[in-house]
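Given next are the chains, with one letter for each unit.
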Amino acid sequence: MRIIENLEEMRETAGELAIGGQSSGLVPTMGALHDGHASLLRRSAAENDVNIISIFVNPAQFMPGEDYESYPRTWDADLEAAEAAGVDIVFHPSAEDMYPPRAQTSVVVHALTRGLCGMSRGQGHFRGVTTVVAKLFNLVRPTRAYFGQKDAQQAVVIQRMVIDLNFPVEIIVCPIVREADGLALSSRNRNLPPEHRQRALALREALTLGRKLVRGGETDVSALTYAMGQHILRDNDIELDYLEIVSPETLEAVDKLDDLALIAGAVKIGGVRLIDNILVGPTGPWED
Ligand code: PAF
């Protein structure tokens, strides 16, 4: 497994792969790898000649007061996990190289970033994500790039960016990987104080409650969000950031669940922000 830290070396390597006609898969990450990342890496390894992971805690997507400093950094364990998941190249640029002092260009996807996490974290969060992902695509020139459905809004936003800016990259969105009790895997789970670990299930429980109500015939979005919200707010130690039912394509709010919808939520527990979501329509799916 090769580690590339230099932007020019990454660009040259990408050029050599292209000349050699080799396909490459990129899994962009901020490190603190878990089994969710491993599932993306394994799929990338299976579908491409060369499997590339980027590990870069991107300062541009953290808003003031967010957890950039405390975001988990587990470099040695990440290298082991990457190797075990069949990675060929680890791209690990520095913040100074990615954002040189006079940089002043960014990529903004407009309407899709206004709601959900864009509303609660600020649209600047997604500007940071799309800008870094566009830069990674330019440096790595992957044939395919792999993202997790846990960050459902991020996946929709990146798919839009790729279409709008004509990036020759196929975006592949992979299913959420969960702990045995249903908690969605997230790098931030490591920062959950142990006494709050059990509480973190409340969001997942609310989402599955929503799905159960839909299965029982409830299609009214106000009734569904009220029931799910109540489930979370029973616990005074959980701060409900948002819980919304939106179209999975436009991310706009729907009033009736008469088609496939995305139920997405974010909570804060013990200072840690967690997100999760579920896709459901009047005829299912009833499992995920
Ligand atoms: O999902 C993430 O870990 C990040 O938002 C990403 C896509 C690696 C961009 O920094």
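The structure we're discussing is the one just above.
Throughout what follows, the structure given in this document is the object of discussion.

Overview of the sheet that holds strand β9 (residues 272–280)
Sheet architecture is open: three strands sit in the order β7-β8-β9, paired in antiparallel fashion. The sheet terminates laterally at β7 (238–246) and β9, the two strands that pair on one side only. For this sheet, the mean inter-axis angle between neighbouring strands, taken without regard to orientation, is 15°. When β7 meets strand β8 (residues 261–269), the two strands line up antiparallel, connected through eight bridges. Note that in β8 the partner of Leu240 across the bridge is Val267.

Section: the sheet that holds strand β3 (residues 50–55)
Taken in spatial order, the six strands line up as β1-β4-β3-β2-β5-β6 in an open sheet, and their pairing is parallel. Across the chains shown, the open sheet's two edge strands, defined by having one partner strand only, are β1 (2–4) and β6 (170–174). When strand polarity is set aside, the average angle formed by the axes of neighbouring strands in this sheet is 25°. Here strand β5 (residues 144–148) pairs with β6 via five bridges, running parallel. Across the sheet, the residue bridging to Gly148 is Cys174, located in β6. Strand contacts of helix α7 (residues 152–164): β5 and β6, with the helix running at about 170° to β6, the strand carrying the most contacts.

Describing the nonpolar core
Of all hydrophobic cores here, the largest spans 43 residues; its most connected members are Ile52, Phe91, Val133, Phe137, Ile158, Met161 and Ile171. Of the residues forming this core, the biggest block, nine residues, is contributed by helix α6 (residues 123–140). Not counting residues up to four positions away in its chain, the partners in contact with Phe137 are Leu26, Pro142, Ala145, Phe147, Ile158, Met161, Val162, Phe167, Val169 and Ile171. In this structure, Leu183, Ala202, Ile269 and Val280 belong to the second largest nonpolar core, which totals 25 residues.

With respect to the environment of Thr13
Summarising the element assignment, Thr13 is placed in helix α1 (residues 7–19). For Thr13, a relative accessible area of 5% corresponds to the buried category. Those residues in contact with Thr13 that sit more than four places away from it in its chain are Arg2, Ile4 and Ile89.

Remarks on the site of the ligand
In the vicinity of the ligand, the contacting residues are Pro28, Thr29, Met30, Asn58, Gln61, Val129, Val132, Phe147 and Gln154. Take Gln154: an N or O atom from its side chain is 2.7 Å from an oxygen atom of the ligand. Protein contacts shield 89% of the accessible area of the ligand, which totals 290 Å² for the unbound molecule. Taken together, the elements giving at least two residues each to the shell around the ligand come down to β2 (24–29) and α6. Here the residues of the shell around the ligand are counted per class, giving five nonpolar, four polar and no charged.

Some details on the side chain of Gln61
Looking at where Gln61 falls in the secondary structure, it is placed in the loop between β3 and α3 (75–84). For Gln61, a relative accessible area of 9% corresponds to the buried category. Beyond its immediate chain neighbours, meaning those up to four positions away, Gln61 contacts Met30, Glu66, Arg121, His125, Gly128, Val129 and Val132.

Here's the deal with the pairing of β5
Of all five residues in β5, four are buried, a share of seventy percent or more. Examined bridge by bridge, β2 and β5 share two bridges and lie parallel to one another. Its bridge partner being in β5, Gly25 is matched across the sheet by Arg144. Taken together, β5, α7 and β6 constitute a β-α-β crossover, and its handedness is right-handed.

Brief notes about a negative patch on the surface
A cluster of like negative charges, contributed by Glu218, Asp220, Glu249, Asp255, Asp258 and Asp259, occupies part of the molecular surface. Locating Asp258 in the fold gives a position in the loop between β7 and β8.

Thresholds, definitions, all that
Residues numbered from 1 in each chain as written. Predicted model: local features only at pLDDT ≥ 70, side-chain atom pairs only at ≥ 80, totals over all residues. Heavy atoms only, no water. Pairing = 2+ DSSP bridges. Helix = DSSP H or I, 4+ residues; strand = E, 2+ residues; numbered from the N terminus. Axes fitted to C-alpha atoms, helices over the stretch in contact; angles between N-to-C directions. Contact = heavy atoms within 4.5 Å. Core = buried A, V, L, I, M, F, W, Y, C linked by side-chain atoms within 4.5 Å. Buried < 20%, exposed > 50% of the residue type's maximum accessible area, 1.4 Å probe, protein only. Near = heavy atom within 4 Å. Polar contact = N/O pair within 3.5 Å; in protein donor to acceptor, adjacent residues only side chain to side chain. Areas by Shrake-Rupley, 256 points an atom, 1.4 Å probe, with all protein chains shown as cover. Nonpolar A, V, L, I, M, F, W, Y, C, P; charged D, E, K, R; others polar. Right-handed = clockwise from strand over helix to strand, strands pointing away. Patch = residues over 30% accessible without salt bridge, like charges linked within 9 Å, V, L, I, M, F, W, Y side chains within 5 Å. Salt bridge = Lys/Arg side-chain N within 4 Å of Asp/Glu carboxyl O. Lys, Arg positive; Asp, Glu negative; His and termini not counted. Charge placed at Lys NZ, Arg CZ, Asp CG, Glu CD.

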